Amino acid sequence: MVALTDPTLATPAPPDRLSRARRLHGLLALLLVVVALTSLTVGATGVQLWDVAGKLLRGDELSAMERVVLLDIRLPRLAMGLAVGAALAVSGAVMQGLFRNPLADPGIVGVSAGAGLGAILAIVLGGLLPPALAVLPGPYLVPVAAFLGGWVTTLLLYRVATRRGHTSVATMLLAGIALGALTGAVSGVLVYMADDAQLRDLTFWGLGSLAGASWTKLAVALPVIAVSLAGAVLLGRALNALALGEATAAHIGIPVQRMKRLSILCVAAATGAAVAVSGGIGFIGIVVPHLLRLASGPDHRALLINAALLGAALLLVADMISRVVVAPAELPIGIVTAVLGAPVFLWILLRQRGVVDL
Amino acid sequence: MVHAHDITVRLGRTEVLHRVDFDAAPGKVTAICGPNGSGKTTLLKALTGDLPHGGRITLNGHDLDGLAPWELAAIRGVLPQASALAFPFTVLEVVEIGLSRGRAGHDRRAALQALARVDLGHHAGRPYQSLSGGEQQRAQLARVLAQVGAAADEDGPRWLFLDEPVSALDIAHQLAVMQIARDFADDGGGVVTVMHDLNLTAMFADHVALLSGGHVLAAGPVSGVMSSETLSRAYGCTLRVGLAPPPGTPFILPHPASLAAE
Ligand SMILES: Nc1ncnc2c1ncn2[C@@H]1O[C@H](COP(=O)(O)OP(=O)(O)OP(=O)(O)O)[C@@H](O)[C@H]1O
Ligand SMILES: [Mg+2]
């Protein structure tokens, strides 16, 4: 064909951001290991990882205290932080890809609220079920209810906010506000029905915390989170295509309806499980993918994996902060992530103002 | 072959296409022309499998509804009338997204070549959103070209479905893009393109389907359809068709109402 510009003008090869983003996997994994080890040494008791490691190396017995602190408190808490952080960050990235908007996040648009509502209902009303009707044993009831709550909310939200392949940000955020208000109202009512133990559980929902970590909870949440994250990582290509709109994604060969359903399922399951064990921890899902897009581009094939790694690391750091600032007491981690995340969210909002028509 | 028989499309409560027949052959550029709102985009969307429709459409002999999205993606690319992009991908990345399911596989070189063909090789690393409107349109065309790859192979011809591919382009790039379509057809592929510019249509297309109010007013070879009488009736204004000097291509000259009245 007619060359309109001189083809001999050599143009520099554009940077390969995907390779760069993939190199980030290793770096973030390293960061995660460092943070994880550090988090094992931080805590209200004087137990030090180095002492324990030294003892193990020398073949000495651990004291009962060291055993309990490490195996029953810090390790499950570490595992939970990892899982929840990864779940929240990846859910955020998937949701943003699905809604084609960097402001979508399970926390902000009310999916976490929906999951929380499911969990609250399960906590308070679960005890009221006659044993014959209690199809699910205790530890499963809350996560399943949280998943259902998150799933219904995501579906509802997508229906409300998306018309003819176009997502209205305003509708999405306003629907999130409405759902948040609804959850608040329902939990307000439930507080009156709750007994003391349930009341403590409910307060914990509101603020978000990893303090309740236990192997039992993990046994339920970990598999769910692992499976949904694995599913989400498979969505990378499809989410890239979706950035061009639903119609074009289909032209490129993506089974759009199926991948949308899978995305919603993954977001709901991961968010549901995370909320079920840790309550309402906000902003991880919005801050992490945004930072990663700035660092290495928006390609979801690398973004989702990086989000899992950085999300886990960031939540562990937040958890350490929450354990240290008011030691020996501890701050709910949701407060820490909000203090760190809300300004970033505002910053994204300002940057987006020119681009997105709110 | 694209073979569409008895196509009816309803959008909302209105019937937008009324029992339309449409055919396109490989090796040919088939243009869809007609006034605004006559149903060109709607017909194209039906042909690409984007709209539920009455009637039957086959592509290379396969029933359109029986093909999975990835099977369709391997034989045809679609350039929509308007495109959007959600995240700050670069121009090259946008083209590579198109490669994710096509036959060309992940081939950066293919993407760069496609960009060079639409004269955007030097902008490959720029954020797509920073391109001008016409440059974005060409980048989208590059994405489609990269996806489709060769014009034909042993499995049969491949197809380009283009909705106003030159609407935002300057005249040099209009010619260049139409030449790409022409070359694709000459290499054995099929091109179906919605066109507003009748002169470019006369210059580059082999066949024309002229739509009006959701009906096919005329269809067939350019020389047959592009007559003063038919075009004037379709568009509701006076149009004179003459023959351009050396190669004998028709050229279309609008006549303002004041002149027509004389
Ligand atoms: N969702 C809808 N509901 C009802 N009518 C619609 C809808 N979408 C399009 N139409 C109508 O269908 C008709 C055909 O639209 P179409 O987009 O196919 O026109 P077109 O020939 O491509 O026009 P243009 O030259 O402006 O691109 C128009 O009258 C349009 O108003
Ligand atoms: Mg149109």
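Think of each chain on its own: its residues are numbered from 1, step by step along the sequence as written. As a convention, the first chain written is A and the first ligand written is 1, with the rest following in written order. For this predicted model, a pLDDT threshold of at least 70 governs which residues receive local features, and a threshold of 80 or more governs which side-chain atom pairs are given and counted, while totals over whole chains, interfaces and linings are taken from all residues. Values shown for side chains rest on all heavy atoms present in the structure; no hydrogens or waters enter the calculation.

1. Describing the overall build of chain A
Link 1 in the chain: Helix and strand assignments come from DSSP, with helices taken as H or I runs of at least 4 residues and strands as E runs of at least 2, each series counted from the N terminus. Helix and strand content of chain A: 14 helices and two strands.
Link 2 in the chain: When a residue's accessible area, from a 1.4 Å probe over protein chains only, is under 20% of the maximum for its type it is buried; when over 50% it is exposed; and in between it is partly exposed. Evaluated residue by residue, chain A yields a buried proportion of 53% over its 358 residues.
Link 3 in the chain: The contact definition used throughout considers only heavy atoms, calling two residues in contact when any of these lie within 4.5 Å. If you take every contact in chain A between residues at least 6 apart in sequence, the share linking residues at least 24 apart comes to 79%.

2. So, the coordination of the magnesium ion (ligand 2)
All names here are of chain B.
Link 1 in the chain: Summarising the metal site, the magnesium ion (ligand 2) is bound by the protein donors Thr 41 (OG1) and Gln 81 (OE1), whose distances to it range over 1.9 to 2.3 Å. Taken together, the positions of Thr 41 in helix α1 (residues 40-47) and Gln 81 in the loop between β6 (76-79) and α3 (91-98) put the pair 40 residues apart, joining distant regions of the chain.
Link 2 in the chain: Residue classification places Gln 81 among the partly exposed positions, given a relative accessible area of 42%. Distances up to 2.8 Å from the metal define which N, O and S atoms are donors, and 3.2 Å serves for Na, K and Ca; water is absent from the atom set, so sites may look incomplete.

3. Let's talk about the site of ligand 1
Residue and element names in this part refer to chain B.
Link 1 in the chain: Close to ligand 1 lie 14 residues, the nearest being Asn 36, Gly 37, Lys 40, Thr 41 and Thr 42.
Link 2 in the chain: Two N or O atoms form a polar contact when they lie within 3.5 Å of each other; inside protein one atom must be a possible hydrogen donor and the other a possible acceptor, and for residues adjacent in sequence the pair counts only when both atoms belong to side chains. Thr 42 is positioned such that a nitrogen or oxygen atom in its side chain is 2.5 Å from an oxygen atom of ligand 1.
Link 3 in the chain: Here, Shrake-Rupley sampling with a 1.4 Å probe gives the accessible areas, and only protein chains in the shown set may cover a residue. When isolated, ligand 1 has an accessible area of 630 Å², and the protein chains bury 63% of it.
Link 4 in the chain: Of all elements in the fold, only β2 (14-24) and α1 reach the threshold of two or more residues within the shell around ligand 1.
Link 5 in the chain: By the convention adopted, Pro, Cys, Tyr, Trp, Phe, Met, Ile, Leu, Val and Ala count as nonpolar, Lys, Arg, Asp and Glu as charged, and the other residues, Gly among them, as polar. Classifying every residue of the shell around ligand 1 gives three nonpolar, nine polar and two charged. Throughout, the term near means that a residue has one or more heavy atoms lying within 4 Å of the molecule or strand in question.

4. Remarks on a nonpolar patch on the surface
All names here are of chain A.
Link 1 in the chain: Grouping into patches uses exposed residues only, defined as over 30% relative accessible area, and leaves out salt-bridged ones; the cut-off is 9 Å for like charges and 5 Å for nonpolar side chains (Val, Leu, Ile, Met, Phe, Trp, Tyr). The term salt bridge refers to a side-chain nitrogen of Lys or Arg lying within 4 Å of a carboxyl oxygen of Asp or Glu. On the surface, a cluster of nonpolar side chains totalling about 550 Å² of accessible area is made up of Tyr 140, Val 144, Leu 148, Trp 151, Val 152, Leu 155 and Leu 265.
Link 2 in the chain: Tallying contributions element by element places helix α5 (residues 138-161) first for the nonpolar patch, with six residues.
Link 3 in the chain: By the secondary structure assignment, Leu 148 is in helix α5.
Link 4 in the chain: What makes Leu 148 partly exposed here is its relative accessible area of 41%.

5. Looking at the pairing of strand β12 (residues 215-221) of chain B
Residues and elements named next belong to chain B.
Link 1 in the chain: Here, a strand pair is defined by DSSP locating no fewer than two bridges between the strands. In this structure, strand β11 (residues 207-212) lies alongside β12, joined through six bridges in antiparallel fashion. Residue pairing in the sheet places Leu 210 in a bridge with Ala 218 of β12.
Link 2 in the chain: The hairpin formed by β11 and β12 contains two residues between the paired strands, and Gly 213 there has a positive phi angle of roughly 55 degrees.

6. What about the sheet that holds β6(B)?
Residue and element names in this part refer to chain B.
Link 1 in the chain: Spatial strand order, β6-β9-β10-β3-β11-β12: six strands in an open sheet with mixed pairing. One side of each edge strand has no neighbouring strand; the edge strands of this open sheet are β6 and β12. Each strand axis lies, on average, 10 degrees off the axis of its neighbour in the sheet, ignoring direction.
Link 2 in the chain: Where strand β3 (residues 29-33) and β11 come together, four bridges link them in parallel fashion. Angles run from 0 to 180 degrees between N-to-C directions of axes, and those axes are lines fitted to C-alpha atoms, restricted for helices to the stretch in contact.

7. Some points on the interface of chain A and chain B
Link 1 in the chain: Each partner contributes residues to the interface: chain A has 31 residues there, and chain B has 39 residues.
Link 2 in the chain: Buried area: the sum, over both parts, of the accessible surface (1.4 Å probe) that disappears when the two are put together. Around 2,900 Å² of area is buried between chain A and chain B when both sides are counted, 64% of it from carbon and sulfur atoms.
Link 3 in the chain: Our enumeration of links across chain A and chain B arrives at two salt bridges.
Link 4 in the chain: Residue A:Arg17 is joined to B:Glu93 by a salt bridge in which the shortest nitrogen-to-oxygen separation is 2.6 Å.
Link 5 in the chain: Across the contact surface, chain A and chain B share six residue pairs in polar contact (both at pLDDT 80 or more).
Link 6 in the chain: Considering every element that reaches the side of chain A that touches chain B, the biggest residue donor is helix α10 (residues 246-252) of chain A, with four residues.
Link 7 in the chain: Among the residues making up the side of chain A that touches chain B, the classes are represented as 13 nonpolar, ten polar and eight charged.

8. Things to note about the packing of α3(B) against helix α4 (residues 108-117) of chain B
To characterise two packed helices, one gives the angle between the axes of the helices and the distance between these axes.
Residues and elements named next belong to chain B.
Link 1 in the chain: The interhelical angle for the contact between α3 and α4, taken along N-to-C directions, is 115 degrees, at an axis separation of 9 Å. Like other packed secondary-structure pairs, α3 and α4 cross with a definite hand, here right-handed. Where α3 approaches α4, its residues Val 91, Leu 92, Val 95 and Glu 96 are matched on the opposing element by Arg 108, Ala 111, Leu 112 and Leu 115. Handedness of a crossing is defined here by the sense of rotation of the near helix relative to the far one, left-handed for an anticlockwise turn of less than a right angle and right-handed for a clockwise turn.

9. Overview of the state of the cysteines
Link 1 in the chain: By convention in this document, the label disulfide applies to cysteine sulfur atom pairs within 2.5 Å. With the rule as written, the count across this model stands at zero disulfides over all chains.
Link 2 in the chain: In this structure B:Cys237 is not part of a disulfide, and its nearest cysteine sulfur, from B:Cys33, lies 13 Å away.

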